[in-house]
Amino acid sequence: MSTVKKRSINHGDVNRFRFWFQIGAFVILVYGGYWALDISTSLPTFSCVFPSSRGGTCYLYPLQHQVNMTWKQFASPRVIGVLTAFGTFVFLFLLFNKAWCGFACPIGTVQDWITRLRLRMGIRPGVYTEATFNRLKVLKYVLLVLLILLPLGISNSLLGLPKFSHDVATSFCMLCPGRTILPIFTGDFSQLTIDFSSKTMTVLTGLGMAVLGTTLVGAFYKKRFFCLFCPMSALHYVFSKGALLGLKKDGAKCTRCGNCYRVCDMGIREIADDLERRNIVQDDCMMCFKCVAACPEEGCLKVTVPGLTVYQSTEEGFFARSASRLNHER
Amino acid sequence: MNVERQERVRKSAVKGLAMESMEALVQIRESFDENPKAMDYFYDLYHRTYCLGEWGNGKRPEVGTLCVQVPEELILAAGAFPRRLCSGSHAFDQVGSEFMPAKGCPVVKATVGLLQSRALPPLEEMRLVVNPTSCDQKKKAGEMIAEMGYPVYSLEIPPSRDTEEARAYWHRSVKRLSVALEKTTGQRITRKRLHEAIRTTNTARQEYRRFSKLRKAQPSPLLGKDALLVTNAYFFDDIESWTEALARLNLELERRVENKLTPAQKRAPRFLLTGTPPVFPNLKVPLLIEQLGAVIVADEVCSSNRLLYDAVTMDTPFLYDMIPAVADRYLKPCTCPIFDRNEDRKRKLLDMASDYQVDGVIYQAYAGCHLYEMEQQSMGRALTEAGVPMLYLETDYSPDDAGQLSTRVEAFVESIRNRQRKLEGGRS
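About the cut-offs
Along each chain, the written sequence defines residue order, and numbers are assigned to residues from 1. All chains are assigned letters beginning at A, and all ligands numbers beginning at 1, according to the order in which they are written. Only residues with pLDDT of at least 70 get local features here, since the model is predicted, and only at 80 or more are side-chain atom pairs given and counted; chain-wide, interface and lining totals rely on the full set of residues. Excluded from the side-chain calculations are hydrogens and water; all other atoms, namely the structure's heavy atoms, are used. Under the scheme used here, helices are H or I runs from DSSP no shorter than 4 residues and strands are E runs no shorter than 2 residues, and both carry numbers assigned from the N terminus. For a compact globule the rule gives 2.2 Å times the number of residues to the power 0.38, and the radius of gyration it is set against comes from C-alpha atoms. In this analysis, two residues are considered to be in contact whenever any of their non-hydrogen atoms come within 4.5 Å of each other. With residues, only the protein chains shown are counted as cover, and all accessible areas are computed by Shrake-Rupley using a 1.4 Å probe. Two strands are said to pair when DSSP picks up at least two bridges between them. Angles shown run from 0 to 180 degrees and are taken between the N-to-C directions of axes, each axis being a line fitted to C-alpha atoms and, for helices, limited to the stretch in contact. Here a polar contact is taken to be a pair of N or O atoms separated by no more than 3.5 Å, where protein atoms must pair a possible hydrogen donor with a possible acceptor and residues adjacent in sequence count only if both atoms sit in side chains. By definition, no residue in a patch forms a salt bridge, and every one has over 30% relative accessible area; like charges are joined within 9 Å, nonpolar side chains (Val, Leu, Ile, Met, Phe, Trp, Tyr) within 5 Å. The salt bridge criterion pairs a side-chain nitrogen of Lys or Arg with a carboxyl oxygen of Asp or Glu, the two atoms within 4 Å. Throughout this description, buried means an accessible area under 20% of the type-specific maximum (1.4 Å probe, protein chains only), exposed means over 50%, and partly exposed covers the range between.

### Details of the overall build of chain A
Across its full length, chain A carries 17 helices and 3 strands. For chain A, the C-alpha radius of gyration of 21 Å lies close to 20 Å, the compact-globule estimate for 330 residues. C-alpha atoms of chain A, sized along the principal axes, occupy 60 × 45 × 45 Å. When contacts within chain A are restricted to residue pairs at least 6 apart in sequence, long-range pairs at least 24 apart make up 68% of them.

### Quick look at the overall build of chain B
Broken down by element type, chain B carries 17 helices and 8 strands. Computed over its C-alpha atoms, the radius of gyration of chain B comes to 21 Å, within 12% of the 22 Å expected for a compact globule of 428 residues. C-alpha extents for chain B along the principal axes are approximately 70 × 55 × 40 Å. Per element, the accessible surface of chain B, about 16,700 Å² overall, is 52% carbon and sulfur.

### Quick notes on the sheet that holds strand β5 (residues 270-275) of chain B
All names here are of chain B. Reading across the sheet, the 4 strands line up as β6-β5-β7-β8 and stay open at both edges, with parallel pairing between neighbours. In this open sheet, the two edge strands, each paired with only one partner strand, are β6 (295-300) and β8 (390-395). With direction set aside, neighbouring strand axes in the sheet form an average angle of 25°. Bridge analysis of β5 against β6 gives 5 bridges, and the strand direction is parallel. When the sheet's bridge partners are listed, L273 is paired in β6 with D299. Here helix α16 (residues 370-385) sits on the sheet and contacts β5, β7 (360-366) and β8; the angle it forms with β7, its principal contact strand, is near 170°.

### Some words on the side chain of E207 of chain B
Residues and elements named next belong to chain B. With respect to the element layout, E207 can be found in helix α9 (residues 191-214). A distance of 2.4 Å separates a polar atom in the side chain of E207 from a polar atom in the side chain of R210. Not counting residues within four places of it along the chain, the set of residues in contact with E207 comprises T243, L246, A247 and N250.

### Topic: the sheet that holds strand β1 (residues 62-65) of chain B
All names here are of chain B. Spatially, the 4 strands line up as an open sheet ordered β2-β1-β3-β4, and their pairing is parallel. Only two strands of the sheet have a single neighbouring strand rather than two, namely β2 (81-84) and β4 (152-155). This sheet shows a mean twist of 25° between the axes of neighbouring strands, independent of strand direction. One ladder, built from 4 bridges, connects β1 with β2; its direction is parallel. Residue T65 lies in a different strand from β2, and its bridge partner there is R84. Against the sheet, helix α7 (residues 136-147) engages β3 (126-132) and β4, with an angle of about 155° to β3. Packed onto the sheet, helix α8 (residues 164-185) meets β1, β3 and β4 and runs at close to 165° relative to β4.

### Observations concerning a nonpolar patch on the surface
Taken together, the side chains of Y128, L216, V217 and Y221 of chain A make up a nonpolar region of the molecular surface, amounting to roughly 360 Å² of accessible area. Within the secondary structure layout, Y128 of chain A lies in the loop between α7 (106-121) and α8 (130-136).

### Comments concerning the pairing of strand β2 (residues 301-305) of chain A
All names here are of chain A. Across 4 bridges, the pairing between strand β1 (residues 246-249) and β2 is antiparallel. Following the sheet pairing, K248 is matched in β2 by K302. In the sheet, β2 pairs with strand β3 (residues 308-312) via 4 bridges, with the strands oriented antiparallel. From the neighbouring strand, V303 faces β3, where its bridge partner is Y311.

### Quick word on unusual backbone geometry
With an omega of -5°, the peptide bond between Q218 of chain B and P219 of chain B qualifies as cis. We note that R224 of chain A has phi near 50°; this positive angle belongs to a residue other than glycine. Along the chain, R224 of chain A turns up in the loop between α12 (199-221) and α13 (231-239). Judged by relative accessible area, R224 of chain A falls into the buried class, the value being 0%. Of note in this structure, Q357 of chain B is not a glycine but carries a positive phi near 50°. Under the relative-accessibility criterion, Q357 of chain B is labelled partly exposed at 42%.

Structure (C-alpha cells):
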C-alpha cells in the first residue's frame, strides 16, 4: 500500500466509518430478504431468524435445532449437517473475528443507536464498578452451555433426568432480544407477547419480555449492555485466536496512559494494562477499534490481517482526530 | 517574622534570584555556539521575568500549582492562569532552609522559600495554590504555605495508579477541584470552556512531541540546556504564545535536521537526563554535561517530558466524561516515584534510551529527595542490564559541588567515548 494511502487511513475516524458500516450491515441483515438475499444460515452474528425479510440467519438458531438429537443420531450421517453448519460458522467467524460484533451485529447496532440517543439527550451513563461486571460476565458462558444442553436434553436423558419438553428447543431464541426487537423494524410486533400455550413457553416468553426491557433500559445507561451476556460472544471467543482479522498490541510501545481503556465501550482494562499479550482481543471485545484511534503511540495498537497492517495507531493520526473533534465541537 | 525583616528577606531573595538567573542565562547563551535563532524568544522571556521581574499574565486570576499532577485544563477552563511555582532557585532554597529541615529536598525548600519571601509579584495575587499530595515533603509543605496566608487547596492523589479504586478516588478528587476552582474564579467550567482548554493544551503537547522527535535526529539539532529552557518556560508562559514560539523553533530545527547541523560536536555522546527536576535557574547538571562535550537528547523529568508528553483523549463531549478524561491524563501515564509501583518509569527509560539512541543516562537526585534516591537503584540496574550505562549524581541547588560533579561527569563522558572508540575499532 502506498504511504499516502496508508496515512489517510491511519488519520481516518474509525468511529464514523463504523457508524455507516453498521447501518449498511443492518440493512443487509434485517432487510436483505427483500432482495432475495440469503448470505448464510450459519452467520456468526445476531441476524435473527424471526424477521422474515432477513438477509441471513444467526447460527445459534440452527445450532439449537441441530443438537436436538439422540446420542445415536450423533453417530449417523445426520451429523454431517451439524458439522457443515458448524464449519461454515467457524469459517465466517475466522474471516472477521469479533468485528462481527462491532460492525455487523444488528442487536449491537441497535444498542449503539440507543447510546447515541442518550448522548443526544445529554443524559449521563451509569457508573458501575469493574468488579460487578466481572461477576456478571460469566453469565454468557452459562447461557452458551445451556443453549446446547437444553436441546440435547429433549432427545436424550441427561444425568438420568426426564427428557425436556419440546418447548425448550430454541430456548435461547425465546430469551434473546433479537427476536423481540428486530422484527419491529419490519413492522412485525407479533413477538411482543407472552405465549401462554404451555407453562414452559409462558416462562420463556415472559423472560424474553423481561430481557427485552432490561436490554433497552440497560443499553441506555451502559453501552452495549446486552453484549456482556451474549453467548454468541462466548462462542466467538473459543475460536478468536485463530481468526484472520487481528487486534495486536506492542507492549514495549505502550505507556499505559489508559487512553484506549478510557474510550472502550466494553470497559476492557487489559487493553491498557496488559503489556505481555500480543493478541489483545478479549472475550468482550467487539473490535470496534476505538482503542486504536485513541492511542497516541506509533504502531502500539494495530489492526491486522496476515501479512498486512490495515489500520494502526499513529501520533499524527491521534492529534489529527483530536483536533478535528475539538473543531467540530466549537 | 516582623515586617521589616520580611522586607529584607524579600529584597535579598529578589536580588539573589536576579543574579543567579543572569548567571545561568549568560552561561546558557554564551558558553555555547550556534544557539537557534528561535531560542531568542525564550532567552528574552527568562530575562524579562527572572532578571527584570516582569511577571504577568494579562488580566486572568492566578492559580499556583505545586506539582505536575495538577490538571491545568480545569484551571484554564475556570478562566484562571495556571502558574507552576516549583522553584529551582538557590536564593529561595536558602530562604526556605531557615525554617525547613536541613536534610529536606531543595525543590520543596526553594518553593516554600519563594512563597515565604513573596518575592514575585504574582504571589500577591494568588487566588488559589493547588498543592497535590504527591510526596510527603510537598504534602506537608501545603500546611506551611497555608500558614503563610495563601489559599491552599490540597489535591488528593492516590498512592497507587494501578487499581480501579485509585482511579475512582482520583476522579472524585479532580471533580472536587473543579468545583473549588469555579468558586475561586466565579467562572463556571462549561463544556465549551473545557473544550477550548483541552484544545489549547493538546496543541501545545502536539508541538512538544514534534520537538522531541526532532531531538531524535543524529546529530542532535539542539542542546539539552535549550530544550530544558523551553519546557521550563511552560511553567509561567502563556500557553498559546509558548506553543507558537515552540513551533517557530521546530521549523528551525527541521531545517537543521535536513542539513545535519548540530550545535554539539559531531560525535558528542548522547545522554538521557532523568531524576529530580531541573528547574531554572538551577540547570547546573545539564549545563555541566554539555560544557563537557556531551549532548542531552532526551529527558524524563517532571519539569519537561512528564509535564508535556501526554495529551487528553475524550470519548464524549460532555463534562461528566471530559473531567475524568482530563483526570486520567494526570494519573495513568504519570511516572512520578510517589506511586507504590513504578515499573512504567523503568520501561519508559529503556524505551527512550533505545528510541533516542542514547549512549548513557544521567540520573540526578537532589539530596533530600528520598523517592528519586531510592528509585535510582532499580532504574540503574534495569538500564545496566540493557547495556545502557547510568551515572548517578547526588546534588543540590548550591554551586559548591560543581568541581566534584564536573570530575565525575567528565570521567563518565570519557568512558563512553572509550566505549565508542572500542566499538568502532572492533568494526574496522
